[in-house]
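Each chain, written out:
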Amino acid sequence: MGADDHRTTVDWRGTPVLTLADLWPERPRAMVVGLHPVPCSVEAGHYFQGRVGQRQLHRLASTGLVPTPTDGTFFEPGALAAGVGFANVVRRPASGAAVTPDEVAHGRAILLAELAERAVPLVVCLTRLPVKALLGREGRPGYQDAELPGGTRVFRMPGPFAPRSEVEDVLAMLDLPGRPTQAAATSSSGGTTPTPASVATNNG
């Protein structure tokens, strides 16, 4: 595994599994959360390498949450530098929604504890599946009414096949805590600072 390969082996409910490591920034501004890693992502050693995942990540990039890679499909370096990390509720790789309720409950408890310990202000869920896993219901795209323990807000991305107008309306709601305003960025740099891009998907 190379230096930029995020594969790791973990004990998942008594069984060793090859999966993706949780990626926690030193000072998290947000975490992008999927339900579980998908096989193609684990094979690549990077998050959200499927077609839908890449589509959602590039949509999220348009909000300025994380930068778009200048080449390739790996968002982690730029995202981590911007204070945005990646995790999944269920660590075991699977396709579709093929995880059990017990796995979801187990992973949810672990992830919620980690989010609270690090005082993460925002979780971006790539589709309805991780929202339901974390909050018990799918909710609507955008910010959810319920918060996670510690006051973490949850934002659900628009569906991967939603019409452009809906995507634009939902993404316009997203506001990242700690993101400098354009005026502040311009003042500190002495010029205009390009707005970085961002992204998300349904499973890692």
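Reading guide: rules and limits
- Residues numbered from 1 in each chain as written.
- Predicted model: local features only at pLDDT ≥ 70, side-chain atom pairs only at ≥ 80, totals over all residues.
- Heavy atoms only, no water.
- Salt bridge = Lys/Arg side-chain N within 4 Å of Asp/Glu carboxyl O.
- Helix = DSSP H or I, 4+ residues; strand = E, 2+ residues; numbered from the N terminus.
- Buried < 20%, exposed > 50% of the residue type's maximum accessible area, 1.4 Å probe, protein only.
- Polar contact = N/O pair within 3.5 Å; in protein donor to acceptor, adjacent residues only side chain to side chain.
- Contact = heavy atoms within 4.5 Å.

J.: Could you give an account of the pattern of salt bridges, naming the residues involved and the relevant values?
T.: Inspection of the entire model under this criterion finds six salt bridges. Ionic pairing is found between arginine 91 and aspartate 22, a salt bridge with its closest N-O pair at 3.7 Å. Residue arginine 91 is found in the loop between strand 4 (84–88) and helix 4 (101–117), and its partner aspartate 22 is found in the loop between strand 2 (15–20) and strand 3 (30–34); the two are separated by 69 residues along the sequence. Overall, arginine 91 belongs to the buried group, its relative accessible area being 17%. Between arginine 92 and glutamate 103 there is a salt bridge, with its nearest N and O atoms 2.7 Å apart. Linking arginine 92 in the loop between strand 4 and helix 4 with glutamate 103 in helix 4, this pair joins segments that are 11 residues apart in sequence.

J.: Go over the side chain of arginine 91, please, and point to the residues and values.
T.: Within polar-contact distance, the side chain of arginine 91 engages the backbone oxygen of leucine 20 at 3.0 Å. In this structure, arginine 91 is in contact with Thr8, Val10, Trp12, Thr19, Leu20, Ala21, Asp22 and Pro37, ignoring residues within four places of it in sequence.

J.: Describe unusual backbone geometry, listing the residues and the values that go with them.
T.: Positioned with a positive phi, phenylalanine 48 is a non-glycine residue whose angle comes to about 55 degrees. For phenylalanine 48, the position within the fold is in the loop between helix 1 (39–44) and helix 2 (51–61). Assessed through its relative accessible area of 0%, phenylalanine 48 is described here as buried. Backbone geometry places alanine 119, a non-glycine residue, at a positive phi of 50 degrees. Along the chain, the position of alanine 119 falls in the loop between helix 4 and strand 5 (122–125). Accessibility expressed as a relative area gives 58% for alanine 119, which makes it exposed.

J.: Mind laying out the environment of glutamine 49, listing which residues take part and the relevant values?
T.: With respect to the helices, strands and loops of the structure, glutamine 49 is situated in the loop between helix 1 and helix 2. C-alpha separation for the pair glutamine 49 and phenylalanine 75, spaced 26 residues apart in sequence, amounts to 9.7 Å. Contacts of glutamine 49, omitting those with residues within four sequence positions, involve Cys40, Ser41, Ala44, Gln54, Thr73 and Phe74. Of the polar contacts made by the side chain of glutamine 49, one reaches the backbone oxygen of tyrosine 47; its length is 2.9 Å. Within polar-contact distance, the side chain of glutamine 49 engages the side chain of threonine 73 at 2.5 Å.

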